[in-house]
Every structure is written in C-alpha cells, then in structure tokens.
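# Report on the structure
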Amino acid sequence: MAVQYATVTWEQLHRDARALAAALMPRMPFKGIVAVTRGGLIPAAIAARELGCRLIETISVVTYDEEEMGQPQIIKAPEAAGDGEGFLIIDDLVDSGVTARFVRECLPKAYFACLYAKPAGKPLTDLFITEVPQDTWVLFPWDTAPLFVPPLVSNKKECAE
Ligand SMILES: O=P(O)(O)OC[C@H]1O[C@H](OP(=O)(O)OP(=O)(O)O)[C@H](O)[C@@H]1O
Ligand SMILES: Nc1nc2[nH]cnc2c(=O)[nH]1
Ligand SMILES: [Mg+2]
C-alpha cells in the first residue's frame with residue numbers, strides 16, 4: 001500500500017502542543033519534563049512555557065538505522081529524572097511504539113505524552129492529541145520546506161491564440 005503523508009505546519013504544531021499542555025493541566029505539578037530528542041524537543045519547549053516548567057531533561061534514543069528499524073540504543077540518559085516519578089515525558093509522536101516502550105522502561109514512574117499517535121503506538125501513551133493512520137508518514141515542519149510547483153499548463157502552450 002502506498003504511503004500517505006500528513007504535513008504538519010508550524011502553526012498546527014504550536015496549536016497541538018498548546019492543546020497537549022492544556023490537557024496536562026489537571027496533572028500538574030510536574031517536577032520536570034523529559035524531552036525525547038530530537039522530535040520531542042520543540043513540543044516539550046512549547047509545553048514547558050505553557051506549564052511554567054523550567055527543569056528540562058532529555059533522553060536520546062536511536063531506533064532507526066537508515067530505513068531499517070534496529071534495537072533501541074540509549075545515547076544520553078535522563079539522569080536528573082531518576083525513575084521518572086513526578087516527571088512528564090514528551091515526544092512528538094508514537095509510531096510502532098518501540099521508542100515509547102524503551103523510554104518508559106527507563107522512566108517507569110513518568111507520565112508519557114505526545115502530539116500524534118499511530119494505532120500500534122497508542123497503547124504506550126498516557127496522553128496524545130491526534131490519532132494518525134498507521135500507513136501515514138507525518139511530515140513535521142522541521143522536515144519540510146516550501147517548494148516551487150510547476151503549473152499544469154506549460155509556458156509555451158499558455159495563452160495560445
Ligand atoms: O514509535 P516509533 O516507531 O519508535 O517511532 C517514533 C519515534 O520516531 C521518531 O524519532 P526518530 O527515532 O526518528 O528520531 P528523531 O526524534 O531524532 O527524529 C519520533 O520522533 C519518535 O521518537
Ligand atoms: N517524521 C516522522 N518520523 C517518524 N518516525 C516514526 N514514524 C514517523 C513519522 O510518521 N514521521
Ligand atoms: Mg524521536
């Protein structure tokens with residue numbers, strides 16, 4: 001089946017990260033946020049601003065090796081977060097759920113929130129904002145750039161009399 005794409009603009013991402021923060025308000029206070037780098041960094045920064053949270057830790061996990069999925073490997077541990085108690089983990093999305101499962105094993109007492117969730121990863125989250133079909137690749141604003149698209153009719157044929 002052909003891969004579908006869902007393009008997320010900066011405005012949409014900002015709206016969704018604010019919606020995530022609003023949904024997290026009843027869970028306040030958090031001791032800090034653990035951003036899952038790199039995709040979780042910008043959503044975490046937006047949520048931290050909304051929630052007045054200044055302690056930001058990071059966890060860096062690598063799972064994709066070129067196009068192939070490999071074993072998750074931790075590159076940077078979230079030392080300030082201990083076992084995760086009182087901490088909020090933020091990532092941009094869950095797809096297979098491999099990253100989320102691994103991060104949760106590292107921080108078993110933390111709360112896991114993300115913006116977008118595909119069906120396979122959804123059960124690994126405590127909170128997400130929007131569900132995305134499994135066969136859809138989310139294009140984040142940092143992955144994309146505006147591009148010239150040629151018109152349907154070529155210059156030579158245009159306005160032919
Ligand atoms: O549920 P999964 O199948 O594990 O996929 C989700 C993860 O994949 C992406 O990160 P990626 O590993 O591509 O790295 P990045 O955040 O540095 O871009 C995304 O930011 C999630 O962290
Ligand atoms: N940008 C992006 N990264 C991913 N990593 C795993 N799934 C996705 C996706 O849908 N979009
Ligand atoms: Mg990531």
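Residues numbered from 1 in each chain as written. Chains lettered and ligands numbered in written order. Predicted model: local features only at pLDDT ≥ 70, side-chain atom pairs only at ≥ 80, totals over all residues. Heavy atoms only, no water.

Our focus in this paragraph is helix α1 (residues 10-24). Residues spaced three or four apart along an α-helix point in a common direction, a consequence of the helix completing one turn every 3.6 residues. Taking 1.5 Å of rise per residue, 15 residues should cover 21 Å, and α1 covers 21 Å from first to last C-alpha, within 8% of that figure. If you check which residues of α1 are buried, you get Leu13, Asp16, Ala17, Leu20, Ala21 and Leu24. Taken end-on, α1 shows its buried residues confined to a sector of 145 degrees, consistent with a single buried face. Those residues of α1 hidden inside the fold are in contact with α2 (41-51), β5 (87-94), β6 (111-117) and β7 (127-131). (Helix = DSSP H or I, 4+ residues; strand = E, 2+ residues; numbered from the N terminus. Expected span 1.5 Å × (residues − 1). Buried < 20%, exposed > 50% of the residue type's maximum accessible area, 1.4 Å probe, protein only. Arc of directions from axis to C-beta. Contact = heavy atoms within 4.5 Å.)

Attention now moves to the UniProt feature "binding site: Mg(2+)" (unreviewed entry) in the protein. As annotated in UniProt, the feature "binding site: Mg(2+)" (unreviewed entry) corresponds to Asp92 in the numbering used here. Among the secondary structure elements, Asp92 is positioned in strand β5. Look past the residues within four positions of Asp92 in its chain and what remains in contact with it is Gly39, Gly40, Pro43, Cys114, Leu115, Tyr116, Phe140 and Trp142. (UniProt positions renumbered as here; feature names shortened; annotations may be inferred.)

By nearness alone, 15 residues border ligand 1, and Arg38, Asp91, Asp92, Ser96 and Thr99 come closest of all. One of the side-chain N or O atoms of Asp92 is found 2.6 Å from an oxygen atom in ligand 1. Asp95 is positioned with one of its backbone polar atoms (N or O) 2.8 Å from an oxygen atom of ligand 1. Protein contact buries 82% of the 490 Å² of open area that ligand 1 shows by itself. Counting residues per element, the ones that place at least two in the shell around ligand 1 are β3 (56-65), β5 and α3 (98-106). The element best represented in the shell around ligand 1 is β5, accounting for four residues. Tallied by class, the residues present in the shell around ligand 1 amount to five nonpolar, six polar and four charged. (Near = heavy atom within 4 Å. Polar contact = N/O pair within 3.5 Å; in protein donor to acceptor, adjacent residues only side chain to side chain. Areas by Shrake-Rupley, 256 points an atom, 1.4 Å probe, with all protein chains shown as cover. Nonpolar A, V, L, I, M, F, W, Y, C, P; charged D, E, K, R; others polar.)

In the region of ligand 2, nine residues are neighbours, and Asp95, Lys118, Trp137, Val138 and Asp143 sit closest. Here Asp95 contributes a side-chain N or O atom positioned 2.6 Å from a nitrogen atom of ligand 2. For ligand 2, a nitrogen atom lies 2.8 Å from a polar atom in the backbone of Val138. The fraction of the free accessible surface of ligand 2 (280 Å²) that becomes covered by protein chains is 84%. Among the elements that take part in the shell around ligand 2, strand β8 (residues 136-139) stands out by supplying three residues, more than any other. A per-class count over the shell around ligand 2 returns five nonpolar, one polar and three charged.

Glancing now at the side chain of Asp16. Within the fold, Asp16 resides in helix α1. The side chain of Asp16 is buried and forms no salt bridge, while Arg15, the nearest opposite charge, is found at 5.8 Å. Within polar-contact distance, the side chain of Asp16 engages the side chain of Tyr116 at 2.5 Å. Ignoring any residue separated from it by four or fewer positions in sequence, one finds Asp16 in contact with Leu115, Tyr116 and Ile129. (Lys, Arg positive; Asp, Glu negative; His and termini not counted. Salt bridge = Lys/Arg side-chain N within 4 Å of Asp/Glu carboxyl O.)

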